[in-house]
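Descriptive structure summary
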Amino acid sequence: MNLESMRHSIDNIDNALVAMLAERFKITDAVGHYKAKNRLPAKDEAREAQQYERIAELAEQYALDPNFAKQFLEVIMKQSVENHLKIAEQYKK
Ligand SMILES: C=C(O[C@@H]1C=C(C(=O)O)C=C[C@H]1O)C(=O)O
């Protein structure tokens, strides 16, 4: 593979990552609405702990650094909790 085709593959993977992230946030925002309507807290530490464990195991299966996978998930989950807090604010108005 030459540099140009490797970069083309990287761009395709980045496109897929962005599309998947957008899809994930659509679903987590739906969870945010459910929580706001049912007066549930935005953050669920127990669920997050399960996800960190799961992603570390998955990363190992794919020979990806589990700490990197956890950090990546942490950034995403922080954003989804922030979105939940903003959604909850809308229900207070
Ligand atoms: C989406 C949820 O809300 C929060 C966001 C999470 C996520 O982005 O995966 C996980 C747990 C919660 O802190 C949930 O509770 O399932």
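Residues numbered from 1 in each chain as written. Predicted model: local features only at pLDDT ≥ 70, side-chain atom pairs only at ≥ 80, totals over all residues.

Per an unreviewed UniProt entry, the protein chain goes by chorismate mutase and derives from Marinomonas spartinae.

**Considerations on the overall build of the protein chain**
When you go through the protein chain residue by residue, the secondary structure sums to three helices and zero strands. Written out in order from the N terminus, the α and β elements of the protein chain read α-α-α. Against the globule reference of 12 Å for 93 residues, the protein chain gives a C-alpha radius of gyration of 17 Å, more extended than a compact globule. Viewed in the frame of its principal axes, the protein chain has a C-alpha envelope of about 55 × 25 × 15 Å. In the protein chain, buried positions account for 3% of the 93 residues. The contacts of the protein chain with a sequence gap of at least 6 include a subset with a gap of at least 24, amounting to 60%. (Helix = DSSP H or I, 4+ residues; strand = E, 2+ residues; numbered from the N terminus. Rg over C-alpha atoms; globule rule 2.2 N^0.38 Å. Buried ≥ 20, exposed ≤ 12 C-beta atoms within 10 Å, placed from the backbone. Contact = placed C-beta atoms within 7 Å.)

**Focus on the environment of glutamine 79**
Positionally, glutamine 79 belongs in helix H3 (residues 66-92). Put simply, glutamine 79 and isoleucine 13 are 66 residues apart on the chain and 22 Å apart in space, counted from C-alpha to C-alpha.

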